[in-house]
Amino acid sequence: MADTPLVSVIIPVYNQEEMISEAIESALAQTYDQIEIIVVDNGSTDRTVEVLGQYSEHFQLLREPKRGPYPARNRALLEAKGEYVAFLDADDRWLPEKIAKQVEKFEACPQVGLVYTGGCILDCRDGRAQLIGEVFEKGCVPPCGNVLPALLQNNFIMNSTVMVRRACFDVCGSFREVEMLAADYHKWLQIAMRTEVVCINEPLIEYRIHARNISANLLQNRWAVISHLNDLISITCLLYTSD
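Per-chain numbering applies: the sequence of each chain, read as written, is numbered from 1 onward. Given that the model is predicted, a residue must reach a pLDDT of at least 70 before its local features are reported, and side-chain atom pairs must reach 80 or more before they are shown or counted; all residues, however, enter totals for whole chains, interfaces and linings. Hydrogen atoms and water are omitted, and side-chain values are computed over all heavy atoms in the structure.

### A few points about the overall build of the protein chain
Right, so step 1: Secondary structure follows DSSP: runs of H or I at least 4 residues long count as helices, runs of E at least 2 residues long count as strands, and numbering of each begins at the N terminus. From N to C terminus, the protein chain includes eight helices and nine strands.
Right, so step 2: The cut-offs for exposure are 20% and 50% of the maximum accessible area for each residue type, with area from a 1.4 Å probe on protein chains only; residues under the lower value are buried, those over the upper are exposed, and the others partly exposed. A total of 243 residues make up the protein chain; the buried ones form 51% of that total.
Right, so step 3: Of the roughly 11700 Å² of accessible surface on the protein chain, 53% is carried by carbon and sulfur atoms. For the area figures, the Shrake-Rupley method with a 1.4 Å probe applies, and any residue is considered shielded solely by the protein chains shown.

### Comments concerning the packing of aromatic side chains
Each aromatic ring pair is specified by the distance between its two centres and by the angle formed by the two planes.
Right, so step 1: We call Phe, Tyr and Trp rings a pair once their centres come within 6.5 Å, taking the six-membered ring for Trp, and we label the pair stacked below 30 degrees between planes, edge-to-face above 60, and tilted otherwise. Applying the stated criterion to the full structure yields nine aromatic pairs.
Right, so step 2: Taken together, a centroid distance of 6.0 Å and an interplanar angle of 70° make the contact between Phe-87 and Phe-169 edge-to-face. One end of the pair, Phe-87, is in strand 4 (residues 84-87); the other, Phe-169, is in helix 6 (residues 166-172), and 82 residues separate them in sequence. Comparing Phe-87 with Phe-169 shows no difference in burial state: the two are buried.

### Digging into helix 7 (residues 183-194)
Right, so step 1: Multiplying 1.5 Å by the residue count of a helix minus one yields the expected span of that helix. Look at helix 7: 17 Å from first C-alpha to last across 12 residues, which is about the 16 Å you get at 1.5 Å a residue.
Right, so step 2: Counting buried positions over the 12 residues of helix 7 gives 11, a clear majority of the element.
Right, so step 3: Taken together, the buried positions of helix 7 are Ala-183, Asp-184, Tyr-185, His-186, Lys-187, Trp-188, Leu-189, Gln-190, Ile-191, Ala-192 and Met-193.

### Overview of unusual backbone geometry
Backbone phi values are negative for most residues with the exception of glycine, while trans is the configuration of most peptide bonds.
Right, so step 1: Although it is not a glycine, Asn-15 sits at a positive phi angle of roughly 50°.
Right, so step 2: Mapped onto the elements, Asn-15 comes out in the loop between strand 1 (7-13) and helix 1 (20-28).
Right, so step 3: We classify Asn-15 as buried; its relative accessible area is 17%.

### Details of the pairing of strand 1
Right, so step 1: Counting buried positions along strand 1 gives seven out of seven residues, so the element sits mostly inside the fold.
Right, so step 2: Residues of strand 1 alternate between two faces, with Val-7, Val-9, Ile-11 and Val-13 on one and Ser-8, Ile-10 and Pro-12 on the opposite face, all of them buried.
Right, so step 3: By the bridge criterion, seven bridges tie strand 1 to strand 2 (residues 35-41) in an arrangement that is parallel. Each residue of the ladder has a partner; that of Ile-10, found in strand 2, is Ile-38. Any two strands with at least two DSSP-identified bridges between them are counted as paired.

### With respect to helix 1
Right, so step 1: Where helix 1 is concerned, the buried positions are Ile-20, Ser-21, Ala-23, Ile-24, Ser-26 and Ala-27.
Right, so step 2: The secondary structure elements touched by the buried residues of helix 1 are strand 1, strand 2, helix 2 (48-53) and strand 5 (93-94). Note on definitions: a residue-residue contact is assigned when non-hydrogen atoms from the two residues lie within 4.5 Å.

### A short note on the nonpolar core
Among soluble globular proteins, nonpolar side chains are generally buried collectively.
Right, so step 1: If you look at the biggest cluster of nonpolar residues, it comprises 38 residues, and the most contacted ones within it are Phe-87, Leu-114, Tyr-116, Leu-151, Ile-157, Val-164 and Trp-188.
Right, so step 2: Of all the secondary-structure elements, those providing two or more residues to this core are strand 2, helix 3 (69-79), strand 4, strand 6 (112-123), helix 5 (148-153), helix 6, helix 7 and strand 9 (196-209).
Right, so step 3: Throughout, nonpolar core names a set of buried Ala, Val, Leu, Ile, Met, Phe, Trp, Tyr and Cys residues whose side chains join them through atoms within 4.5 Å. Val-7, Ala-23, Leu-88 and Val-112 belong to the second-largest nonpolar core, a separate cluster that totals 31 residues.

### With respect to the state of the cysteines
Right, so step 1: Two cysteine sulfurs form what is called a disulfide whenever their separation falls within 2.5 Å. Taken as a whole, this structure holds zero disulfides when the rule is applied.
Right, so step 2: In this structure Cys-172 is a free cysteine whose sulfur lies 6.0 Å from that of Cys-168, the closest cysteine sulfur available.

### Regarding the environment of Val-162
Right, so step 1: If you trace the backbone, Val-162 turns up in the loop between helix 5 and strand 8 (163-165).
Right, so step 2: In this structure, the C-alpha to C-alpha distance between Val-162 and Tyr-116, residues 46 residues apart in sequence, is 4.5 Å.
Right, so step 3: Dropping the residues within four chain positions of it, Val-162 is found in contact with Val-85, Ala-86, Phe-87, Lys-98, Gln-102, Leu-114, Val-115, Tyr-116, Ile-157 and Trp-188.

### Digging into the pattern of salt bridges
Right, so step 1: We define a salt bridge as a side-chain nitrogen of Lys or Arg found within 4 Å of a carboxyl oxygen belonging to Asp or Glu. The tally for this structure, following the rule as stated, stands at 12 salt bridges.
Right, so step 2: Residue Arg-47 is joined to Glu-50 by a salt bridge in which the shortest nitrogen-to-oxygen separation is 3.3 Å.
Right, so step 3: Note that Arg-166 is salt-bridged to Asp-170, the shortest N-O span being 3.8 Å. Placement of both Arg-166 and Asp-170 in helix 6 is noted, with a separation of four residues, approximately one turn of the helix.
Right, so step 4: Three or more residues are tied together by salt bridges with common partners; here these are Glu-64, Arg-67, Arg-75, Glu-79 and Glu-177.

### Thoughts on the side chain of Lys-98
Right, so step 1: Structurally, Lys-98 can be placed in helix 4 (residues 98-108).
Right, so step 2: At 10 Å, Asp-92 is the nearest oppositely charged side chain to Lys-98, a buried residue that forms no salt bridge.
Right, so step 3: Two N or O atoms form a polar contact when they lie within 3.5 Å of each other; inside protein one atom must be a possible hydrogen donor and the other a possible acceptor, and for residues adjacent in sequence the pair counts only when both atoms belong to side chains. Within the structure, the side chain of Lys-98 is placed 2.5 Å from the side chain of Gln-102, a separation counted as a polar contact.
Right, so step 4: Apart from the residues within four sequence positions on either side, Lys-98 is in contact with Gln-30, Ala-86, Ser-160, Thr-161, Val-162, Leu-204 and Ile-205. When charges are counted, Lys and Arg contribute as positive and Asp and Glu as negative, whereas His and the chain ends are disregarded.

As structure tokens, this is what we get:
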């Protein structure tokens, strides 16, 4: 249909020669066909760019110096034309109906600014993909609607599950680039302050644990979260105390 909304899929990548092809193939395999895929290579030094060349006719490739995933996402946002924006990490995979189900939810709920989903967690450290759990265990009811109080306590929104109404970025701005960790959490908090957020509680992504993504500096990440929260708390106080 001519009025089917376009979805911009943003995939930043740095040195993921072994996993990037599966991420791209999972985006190409979506049952929803009105998508544009924007891949931002963040200065890879391995065979990532060579692997990307095998799919070059299917997406727009942007090449940037290594500055981290959030500047890469911001670069892609400048190019994105979609009414909705979905984020996919280069080492994750989507199930085929993810985009279709999120667009359906958005179209039915104009007050919603962000739709996230559940997912499977796979341990790939020994070369095999072993299911070790789900993002939301059975019986868990993920927060929906006004999720800000719950989100201030814990970031339960995984990046690769997210689709955002583009208008939210027009209001809230792009990702922060000062602190290079947890800027996604900061953005979800900003969106949750202004719109409703809903969850499709189905495992529609595969989050893959591997040697490189579990070696991040957890202490650095913790301080980045604290910095973002200090910023958001001051804004929240203004919102809730204003007449």
